[in-house]
Amino acid sequence: MTAPSFDFDWLVIGSGFGGSVSALRLAEKGYRVGLIERGRRYRDQDLPKSTWQFRRFFWAPALGMKGIMQLRMFRHVFTFTQIAVGGGSVVYGGVLLRAKPAFFDDAQWRDLGRWDEQLQPHYATAERMLGVKTVDFDSPNQQLIRELAQHFGNEASFTRAPTGVYFGEPGKTVKDPYFGGEGPDRTGCTRCGACLVGCTVGAANTLPKNYLWFAEKRGAQVIAEREVVDVTPLGAADGSDGYRVTTQRAGTWFARDRRSHTTRGVVFAGGTLGTNELLANCKHGGSLPRLSDRLGELVRTNSESILTVRLPEDRKTWNDVTASSSVYLDQDTHVEFLTYGRHADFLSFLYTTLVGRGNRLTRPLKWLAGIALHPLQWLKTLSPIGWSRRTVLLLVMQALDNAIALRPKKRWFGRGYRLVTEQNRDKPNPTYIEAGNRAAEWLARRTGGIAQSNVLEALGNIPTTAHVLGGVVIGADALSGVVDHHLRAFGYRNLLVCDASAMPANPGVNPALTITALAEYAMAQIPNATAAQTDVRRGLQSASEYV
């Protein structure tokens, strides 16, 4: 049997944690790999220096902005994703924690393996590749969060964060310190706190400095500023004869310049929203109709809430990495104090005075009542000047079992589907976390500051999360999940999902390390190219038959 000719052996869609791992490991195994990313490449010096640089910071092509950060609002959640070569690593806090035990024991996948043990070696590999080092310095934010833990009677839970940042001599550039000189030069962290705006120093261990760096060295081809709009099988309906992947220029209304590539296999790694949206369009548009009907179910928000406290003056809380430590307020509630650095004042418009528990009707009324009682306090929150250097953000996370769903809905104009959310009736996603509000109130009292909720949470009862997960989750079969325990899509050959959308539960901590470890695990199941090619000649249709 003669193997058909393809443009690539594997095409990876998306260059975030899962996509970059996939590109490197497949290239190492001898495959011809292409990686498609709708964002552009950024050198460190090209990253935004301020959130007021709208064209660099925000992704909103309809408004002429093709930066990094895309804000997405749904009925049941508000979130943001990154659009760039390197995905969510290009602008992120760098916190790399292993998931809480409850994640591995979730009913969705606990019977499919001993996940805490199976992922251990892959966590270790991910930590090595991402340059994890525990923060070894003190800071004003750490001092405050220690006091918070003491107030909640859980001071022993304080821990400094394992972080993907190069803590060399501040501002000094050196030869690669991680991979025996084979990686790019690195510059020591200056503790400017601007990780979530963009590390222009070169200290953040972003994917273009590790996984993607070596993937390209091993021959992987990165195709930037192209958006995948369709994936369809060639020949056999299960994809065993390969796939055609159609792309167009990203973020354009006209002159889309559609192109197609053929490939034996596809790895979907466009992030939770990107992957869910593309798969929904492929399934309901008829290209991949065999995908499980569970697509879009069990979407998690990491059970998060993001609150802030606006301090009365600059107390150098920005002089840090974005998140240098964390505590547990109780068994379920994990809290990190964050900073945006000194140049993120535009984001102040996302926050208003703190509002407590309620619903879509009562929370706006409570907000108005709070303004009536404390008008001067509210007026102080209106000015953005100096906001980021005087603000501490609280990222509140839980590993509790709750979810929403992403439903496809026909677009009003044009072809295809957009995603809308639906609350899970049995395990609804929380719109308010009591422990988080109490923490913000304590910090405001302690510092003389003003506690703040996100505007959408206060006025629309819509929670904010930095980490949307799931929708293409691991399951025992197509009746319970979309991908199997090796992250292969049910109903198809050589079609994998290796990003946050495959995660079956809330990890309760920042998920980047777990996404990376799961992708490492999935790639470990793929045979080397020589073995795969040998068995194709013998008549086997897919590398997935090896695992």
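Check the entry above for the structure.
Residues numbered from 1 in each chain as written. Predicted model: local features only at pLDDT ≥ 70, side-chain atom pairs only at ≥ 80, totals over all residues. Heavy atoms only, no water.

A. Spatial organisation of the nonpolar core. By size, the foremost hydrophobic cluster in this structure holds 87 residues, and its most contacted members are Leu26, Val231, Phe268, Leu288 and Met523. If we ignore the near neighbours within four places in the chain, the residues touching Val231 are Ile13, Tyr243, Arg244, Val245, Val266, Phe268, Cys282, Ser287 and Leu288. In this structure, Phe58, Val90, Leu97 and Leu393 belong to the second largest nonpolar core, which totals 29 residues. (Core = buried A, V, L, I, M, F, W, Y, C linked by side-chain atoms within 4.5 Å. Buried < 20%, exposed > 50% of the residue type's maximum accessible area, 1.4 Å probe, protein only. Contact = heavy atoms within 4.5 Å.)

B. Representation of the pattern of salt bridges in the model. Summed over all chains, the structure comprises 27 salt bridges. Arg43 serves as the salt-bridge partner of Asp46, at 2.9 Å between the closest nitrogen and oxygen. With relative accessibility at 18%, the residue Asp46 sits in the buried group. Put simply, Glu297 and Arg407 hold a salt bridge, and the shortest N to O gap is 2.6 Å. Of this pair, Glu297 sits in strand S16 (residues 297-300) while Arg407 is found in strand S22 (residues 404-410), placing the two residues 110 residues apart along the sequence. Residue classification places Arg407 among the partly exposed positions, given a relative accessible area of 24%. (Salt bridge = Lys/Arg side-chain N within 4 Å of Asp/Glu carboxyl O. Helix = DSSP H or I, 4+ residues; strand = E, 2+ residues; numbered from the N terminus.)

C. Up close: the packing of aromatic side chains. Per the counting criterion, the structure on display carries 20 aromatic pairs. Relative to Phe58, the ring of Phe57 has its centre 4.8 Å away and its plane inclined at 90 degrees; by these criteria the two rings are edge-to-face. Three or more aromatic residues joined by ring pairs make a cluster, and in this case those are Trp52, Phe54, Phe57, Phe58, Phe346 and Phe349. Over the ring of Tyr492 we find Arg290, and its NZ or CZ is 5.8 Å from the ring centre. Lying over the aromatic face of Tyr417, Lys410 brings its terminal NZ or CZ to 5.0 Å of the ring centre. (Phe/Tyr/Trp six-rings, centres within 6.5 Å; stacked < 30°, edge-to-face > 60°. Lys NZ or Arg CZ within 6 Å of the ring centre and 35° of its normal.)

That is the geometry; function is a separate question.
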